[in-house]
Amino acid sequence: LLIARAMGDLQSKISLHTTKYRADGSAGQTGPGGASRQHSPAHSDAVTSVAALKPDLCVSGGRDKSVAVCSWRSGAALRRFVGHEREVTKVTSALDSNRIFSASRDKTVMMWELHGTSGPSQHFPGHDLVVTGLAVSPDASQLCTGSRDNTVCKWDTETGECLGRAAISRNLVTHLCWVPGEPYVIQTSEDKTTRVWDSRGLQVAHTFPAKQHIQTCCDVSQDGRYCLSSSSGSAGQGGEATLWDLRQTRGRVCEYKGHFQTTNSCVFLPRGPALSPSIATSSSDSTVKVWDQDTAGRG
């Protein structure tokens with residue numbers, strides 16, 4: 001369910017300058033006078049992942065094997081990094097850091113410097129299958145990666161050294177995210193569970209009760225109190241997002257039900273002064289839904 005009040009507040013803040021994204025992949029920024037500036041697509045094939053880099057920059061990865069940095073404000077592609085041999089599956093960065101990380105179907109992870117060369121500044125090989133999870137510590141000194149090879153690895157970003165490797169049977173990793181200000185990493189899996197890893201010893205600190213469907217994605221609130229996971233689904237079965245308590249009960253808080261197919265992504269939205277805590281989900285049913293975090297949209 002869409003939160004009418006939240007969307008109304010958001011709508012009231014939209015300026016006269018809007019960005020139009022067209023089916024051919026181009027983007028143009030339109031001002032009050034109607035003039036439009038065209039920008040070339042950041043990628044030559046499908047975009048597979050996007051993440052915030054700085055307040056005005058985002059980073060994306062694509063099937064064209066490249067990583068791109070774009071401006072939120074202008075829509076222009078500012079940097080392009082090339083080095084992977086197969087499509088990029090995930091990108092991430094420690095917020096306000098100049099280091100960018102990308103995972104790929106070529107079984108490797110690479111680190112790129114925003115103001116460096118177009119080639120990688122560090123390589124992280126070691127997984128046996130496609131890398132599907134990527135999380136960097138807040139200070140960008142350590143990296144956790146996960147793969148369909150059932151393993152989670154920890155790396156030193158300066159040296160590229162693998163500091164630890166843990167394998168769990170049937171743990172086909174789908175996503176990773178680092179808990180702000182904590183040594184913990186959240187991980188979702190095709191085995192239908194969401195795990196909390198202690199990165200210090202790379203051991204599972206907690207496993208939430210298994211859901212009925214594959215867990216596709218996860219996110220953590222900025223205060224580190226809650227995490228989200230999203231489910232696969234079809235024909236109205238599954239497809240929910242779940243809010244979990246990380247600090248007290250370490251149990252399920254509530255569910256957000258309404259998608260008719262797989263929910264591919266879930267995220268905590270930044271909280272504005274006039275908005276209640278909200279989350280957003282996107283689904284294969286072609287919809288994006290915004291939910292009241294506390295009432296699951298029932299308020």
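Fair warning: this is a prediction, and the values are worked out from it, not measured in the lab.

## Some thoughts on the confidence of the model for the chain
- On average, residues of the chain carry a pLDDT of 88, and 86% of them reach 70 or more.
- Counted against residues more than four places away or in other chains, residues 1-28, with its pLDDT under 50, gives 51 contacts.

## What about the layout of surface pockets?
- Within this model, the second largest pocket holds a volume of roughly 190 Å³.
- Taken together, 13 residues form the lining of the second largest pocket, with Gln212, His213, Gly238, Glu240 and Lys257 sitting closest to its centre.
- When residues of the lining of the second largest pocket are traced back to their parent elements, those giving at least two are strand E23 (237-238) and strand E25 (252-256).
- Grouping the amino acids of the lining of the second largest pocket by side-chain chemistry returns no nonpolar, eight polar and five charged.

## Quick word on the pairing of strand E7 (residues 77-82)
- Pairing of strand E6 (residues 66-71) with E7, which is carried by five bridges, proceeds in the antiparallel orientation. Residue Cys70 lies in a different strand from E7, and its bridge partner there is Ala77.
- The antiparallel pairing of E6 with E7 creates a hairpin that spans five residues between the two strands, and Gly75 there sits at a positive phi of about 85 degrees.

## A word on the packing of aromatic side chains
- One pass over the structure, following the stated rule, counts five aromatic pairs.
- With a centroid separation of 5.5 Å and an interplanar angle of 35 degrees, the aromatic rings of Phe81 and Trp112 are classed as tilted. Residue Phe81 is located in strand E7, and its partner Trp112 is located in strand E10 (residues 108-113); the two are separated by 31 residues in the primary sequence.
- Plain terms: the ring middles of Phe208 and Trp244 are 4.6 Å apart, the flat faces sit at 25 degrees to each other, and that makes the pair stacked. With Phe208 in the loop between strand E19 (203-207) and strand E20 (215-220) and Trp244 in strand E24 (residues 241-245), this pair connects stretches of sequence that are 36 residues apart.
- Overall, the relative accessible area of 1% leaves Phe208 in the buried class.
- With a relative accessible area of 2%, Trp244 lands in the buried category.
- In this structure an aromatic cluster arises from ring pairing among Phe101, Phe124 and Trp155.

Definitions and limits used
Residues numbered from 1 in each chain as written. Predicted model: local features only at pLDDT ≥ 70, side-chain atom pairs only at ≥ 80, totals over all residues. Heavy atoms only, no water. pLDDT = per-residue confidence, 0-100. Contact = heavy atoms within 4.5 Å. 1 Å grid on protein atoms, 1.4 Å probe; cavity = no way out; pocket = protein on both sides within 12 Å on 5 of 7 lines; lining within 4 Å. Points joined across faces, edges and corners; volume = space filled by probe spheres on them. Helix = DSSP H or I, 4+ residues; strand = E, 2+ residues; numbered from the N terminus. Nonpolar A, V, L, I, M, F, W, Y, C, P; charged D, E, K, R; others polar. Pairing = 2+ DSSP bridges. Phe/Tyr/Trp six-rings, centres within 6.5 Å; stacked < 30°, edge-to-face > 60°. Buried < 20%, exposed > 50% of the residue type's maximum accessible area, 1.4 Å probe, protein only.

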